[in-house]
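Next come the chains, spelled out residue by residue.
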Number of protein chains: 2
Amino acid sequence: MSPRTETRERVVRAALRTLAEEGFAATSARAVARRGGFAPGVIYYHFDDLEHLLLAALEWTSDLRLTRYREELAGVTGAAELLARLRALYAEDVAEGHVAAVQELVAGASSSPRLGPAIVERLRPWLGLTEEIARRFLADTPLEHVVPPREVGLAVVALYLGLETLTHLDRDRDRAMAESLFAAAGPAAALFDSLLGHAHEGGAQG
Amino acid sequence: MSPRTETRERVVRAALRTLAEEGFAATSARAVARRGGFAPGVIYYHFDDLEHLLLAALEWTSDLRLTRYREELAGVTGAAELLARLRALYAEDVAEGHVAAVQELVAGASSSPRLGPAIVERLRPWLGLTEEIARRFLADTPLEHVVPPREVGLAVVALYLGLETLTHLDRDRDRAMAESLFAAAGPAAALFDSLLGHAHEGGAQG
């Protein structure tokens, strides 16, 4: 990495930490600079304004997590295994501050006209990934022509976002609600594997 | 209604319209008073402060919609019928400005320490209603001991909230995303009715 790219990434990481730990309203250029240990001028050398930095931060964390999800989910064929991996990935999302930073951006979008549509834009590859996995799991099962993968993808992304909103509203940064859903989905995933799993394995790469 | 109660309701309705049409950030006491056609002092006669008014507005619209949902869903026994009624109820939520007002409050909660937990509190009866309906539909089907109704309720409420957040972020106040989910769920609801419907009808009141 060039020194320029390195500094830019340092600014982006500082912005994400500030969002996650201090919240959207407190994420000023000054606060980001303080957290990153650089002068506020460094931000304006790399970004037109604070909003531009926030959009870059969103893009950075979203790309990083998407790559990680794609890696982890590429070879999964069973629903129980899928569920276990999603649970571990979600724990990483929380531990790395990704969830908190994105949630602050979503909340902050109401006071920034550019932020909302930009967040939706960053969600598109996530819609693509969830649709792709739904398609893979439904292929060659009796549900293939009953449950449309595109809408499953939309529902999963909306569910993730809604759960985060609920957790955030409750000032409860732990993962109690998401954990209860992961736990509750276990028996359904096992049933899916035992009833439809064999059909699905044949079409896993379909 | 006493004149006092009548005026209070008029203030509450004006607050909801202001939230829905001007957004959280623009919902000042002055803006609510202007919209309602009364002096700002009227607000402070009935409410300690603006936040208190917003909480009362949330409670009012939530109670009203909950009563309506309970009425409409009480006698429903088939999944296809449930879906059709939910679609119509959701269209009402949008037309009456309920969705927009709640979404503005959710977005605004990040800048108000009391609002977030109060919104979660108002969501509890919705969690209860969705759980109750899930329990009714799962009773006496093979899914009864596989899919826990409490978590279905949580997932449905989170999905609703997440869809609204997505729509709101996109500055797209129409219902394209929710509509695509309602349409996509049709064949699955029909399948549920044809496979499990007869078992379910026997336990409809269970």
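See above for the structure.
Quick caveat: nothing in here was measured; it's all calculated off a predicted structure.

**With respect to the overall build of chain A**
So, point 1. Scanning chain A from terminus to terminus reveals nine helices and zero strands.
So, point 2. With the principal axes as the frame, chain A shows a C-alpha extent of 60 × 40 × 25 Å.
So, point 3. The buried share among the 206 residues of chain A stands at 49%.
So, point 4. Across chain A, contacts joining residues at least 24 apart in sequence account for 67% of those joining residues at least 6 apart.
So, point 5. Total accessible area on chain A is roughly 9,600 Å²; 57% of this is exposed by carbon and sulfur atoms.
So, point 6. If you average the places of the 22 positive and of the 29 negative side-chain charges in chain A, the two averages end up 6 Å apart.

**Quick notes on the side chain of E164 of chain A**
So, point 1. Along the chain, E164 of chain A falls in helix α8 (residues 149–169).
So, point 2. Among residues more than four places away in sequence, those in contact with E164 of chain A are Y90, V99 and Q103 of chain A.

**Some points on the packing of aromatic side chains**
So, point 1. With the rule as written, the count across this model stands at eight aromatic pairs over all chains.
So, point 2. Here Y90 of chain A and Y160 of chain A contribute two aromatic rings whose centre-to-centre distance is 5.6 Å and whose plane-to-plane angle is 85 degrees, an arrangement assigned as edge-to-face. With Y90 of chain A in helix α5 (residues 79–95) and Y160 of chain A in helix α8, this residue pair connects regions lying 70 residues apart in the sequence.
So, point 3. Look at Y90 of chain A and you get buried, because its relative accessible area is 4%.
So, point 4. Among the residues examined, Y160 of chain A registers a relative accessible area of 28% and is labelled partly exposed.
So, point 5. Both rings, one in F137 of chain B and one in F192 of chain B, keep their centres 6.3 Å apart while their planes meet at 50 degrees; by these two values the pair is tilted. Placement of the pair is F137 of chain B in helix α7 (residues 115–138) and F192 of chain B in helix α9 (residues 176–202), with a sequence separation of 55 residues. Across the pair, F192 of chain B and F137 of chain B agree in class, each one buried.

**So, the relation of the copies chain A and chain B**
So, point 1. Each copy superposes on the other: chain A lies on chain B with an RMSD of 0.0 Å after a rotation of 180 degrees and an axial shift of 0.0 Å. On this basis, the relationship between the two copies can be described by a two-fold rotation axis. Ranked by how close their C-alpha atoms come to the rotation axis, the residues of chain A are headed by G162 of chain A, at 1.8 Å.
So, point 2. A shared interface surface links the copies, since 100% of the contact residues of chain A are contact residues in chain B too.

Parameters and conventions
- Residues numbered from 1 in each chain as written.
- Chains lettered and ligands numbered in written order.
- Predicted model: local features only at pLDDT ≥ 70, side-chain atom pairs only at ≥ 80, totals over all residues.
- Heavy atoms only, no water.
- Helix = DSSP H or I, 4+ residues; strand = E, 2+ residues; numbered from the N terminus.
- Buried < 20%, exposed > 50% of the residue type's maximum accessible area, 1.4 Å probe, protein only.
- Contact = heavy atoms within 4.5 Å.
- Areas by Shrake-Rupley, 256 points an atom, 1.4 Å probe, with all protein chains shown as cover.
- Lys, Arg positive; Asp, Glu negative; His and termini not counted.
- Charge placed at Lys NZ, Arg CZ, Asp CG, Glu CD.
- Phe/Tyr/Trp six-rings, centres within 6.5 Å; stacked < 30°, edge-to-face > 60°.
- Least-squares fit on C-alpha atoms with pLDDT ≥ 70 in both.

These figures capture arrangement, not role.
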